[in-house]
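Structural overview for review
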Amino acid sequence: TERFRFVEHEPPPWHYLKYLRYLESYGAVGLGSRYTGVFAPHDIGPDGKWIRKKDPFELGMPMNTREEMIRALVVARGGAGKFGVRNPVQLLKDATDAFHADGAVLPLWLSGVGCVYGMREIGVGLAEKGISVFHYEGSQPGDRRDLDETRMLDQIDVWMELNGLKRLED
């Protein structure tokens, strides 16, 4: 029973993916993230809607030399254009529009992992747009020592309650 949609940003706590099932108990559905590649094969059309991105073959890009292959790889991976690393706030705003998301789950990895650079700015930008934001903390995606799993579930309970949701009955 889908009652709430959320996007994520960057790597989740790999050792504790149970939180996704816990969110499902509220009817919350995760739509993916830039990290999982969900947004990569898309681009923004002239009307502001998401469209499938053309691959290097469809664009007729030459791929005869090493340099041409690297250029084609950059285009295929989305490194050139709207979804580059320069504008993650706009990326998530566009993703919430395209997928009709109600919220966003954003990590704050305390070890200073580069992927969390600007995460608070992203959260503020989404909140200004009316998107509900949930931040959680841990040392880094692969380290289970500093992620307080009980606290995270308690925070999810509060976040879901703030969004007017109660746990679904089994």
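Residues numbered from 1 in each chain as written. Predicted model: local features only at pLDDT ≥ 70, side-chain atom pairs only at ≥ 80, totals over all residues. Heavy atoms only, no water.

**What about the overall build of the protein?**
- Secondary structure assignment for the protein yields five helices and six strands.
- Listing the helices and strands of the protein from first to last along the sequence gives β-α-β-β-β-α-α-β-α-β-α.
- For the protein, the residues scored as buried account for 41% of the 170 residues in total.
- Residue pairs in contact within the protein that sit at least 24 positions apart in sequence constitute 70% of those at least 6 positions apart. (Helix = DSSP H or I, 4+ residues; strand = E, 2+ residues; numbered from the N terminus. Buried < 20%, exposed > 50% of the residue type's maximum accessible area, 1.4 Å probe, protein only. Contact = heavy atoms within 4.5 Å.)

**Notes on the sheet that holds strand 1 (residues 4-8)**
- What the four strands build is an open sheet, ordered 2-1-5-6; its pairing is parallel. At either margin of the open sheet sits one strand with a lone partner, and together these are strand 2 (28-33) and strand 6 (132-138). The mean inter-strand angle of the sheet, taken between neighbouring strand axes irrespective of direction, is 25 degrees.
- As paired strands, strand 1 and strand 2 are joined by four bridges and run parallel to one another. The partner of arginine 5 across the bridge, within strand 2, is valine 29. (Pairing = 2+ DSSP bridges. Axes fitted to C-alpha atoms, helices over the stretch in contact; angles between N-to-C directions.)

**Regarding a nonpolar patch on the surface**
- Taken together, Trp14, Leu17 and Tyr35 make up a surface patch of nonpolar side chains, about 300 Å² in accessible area.
- With respect to the helices and strands, the residue leucine 17 is situated in the loop between strand 1 and helix 1 (18-24).
- Since its relative accessible area comes to 36%, leucine 17 is described here as partly exposed. (Patch = residues over 30% accessible without salt bridge, like charges linked within 9 Å, V, L, I, M, F, W, Y side chains within 5 Å. Areas by Shrake-Rupley, 256 points an atom, 1.4 Å probe, with all protein chains shown as cover. Salt bridge = Lys/Arg side-chain N within 4 Å of Asp/Glu carboxyl O.)

**Description of the environment of glutamine 155**
- As for its placement among the helices and strands, glutamine 155 is situated in helix 5 (residues 149-162).
- Taking the C-alpha atoms as reference points, glutamine 155 and histidine 135, separated by 20 residues in sequence, lie 9.0 Å from one another.
- In this view, glutamine 155 contacts Phe134 and His135; residues no more than four positions away in its chain are not counted.

**A closer look at helix 5**
- Between its terminal C-alpha atoms helix 5 stretches 20 Å, which fits the 20 Å expected from 14 residues at 1.5 Å a residue.
- By the burial criterion, the buried members of helix 5 are Met152, Leu153, Ile156, Trp159 and Met160. One side of helix 5 holds all its buried residues, which, seen down the axis, span an arc of 120 degrees. For helix 5, the exposed residues lying more than 90 degrees away from the buried face are Thr150, Val158, Glu161 and Leu162.
- Between the side-chain oxygen of the N-cap and the backbone nitrogen of threonine 150 there are 3.3 Å, and the N-cap of helix 5 in question is aspartate 148.
- Positive phi appears at glycine 164, one or two residues downstream of helix 5, with a value of about 80 degrees. (Expected span 1.5 Å × (residues − 1). Arc of directions from axis to C-beta. Polar contact = N/O pair within 3.5 Å; in protein donor to acceptor, adjacent residues only side chain to side chain.)

**Here's the deal with the pattern of salt bridges**
- In the structure shown here, the tally under the stated rule is six salt bridges.
- Across the pair glutamate 24 and arginine 21 runs a salt bridge whose closest N-O atoms are separated by 2.9 Å. Here glutamate 24 pairs with arginine 21, and both are found in helix 1, just three residues apart, close to one helical turn.
- Judged by its relative accessible area of 59%, arginine 21 is exposed.

**Topic: the side chain of histidine 9**
- You can see histidine 9 is positioned in the loop between strand 1 and helix 1.
- For histidine 9, the contacting residues outside a window of four places in its chain are Ser33, Arg34, Pro88, Leu92, Val105, Leu106, Pro107, Met119 and Ile122.

**What to know about the confidence of the model for the protein**
- For the protein, the average pLDDT comes to 84, and 88% of its residues sit at 70 or higher.
- For the protein, the element scoring lowest by mean pLDDT is strand 3 (residues 42-44), at 70; helix 5 scores highest, at 97.
- For the stretch residues 80-86, pLDDT sits under 50, and the model shows 18 contacts to residues farther than four places along the chain or on other chains. (pLDDT = per-residue confidence, 0-100.)

**Comments concerning the nonpolar core**
- Tyr19, Leu23, Tyr136, Met152, Ile156, Trp159 and Met160 are the most contacted members of the largest nonpolar core, which has 34 residues in total.
- When residues no more than four places from it in sequence are discounted, the contact partners of methionine 160 are Phe4, Leu23, Tyr26, Ala28 and Leu165. (Core = buried A, V, L, I, M, F, W, Y, C linked by side-chain atoms within 4.5 Å.)

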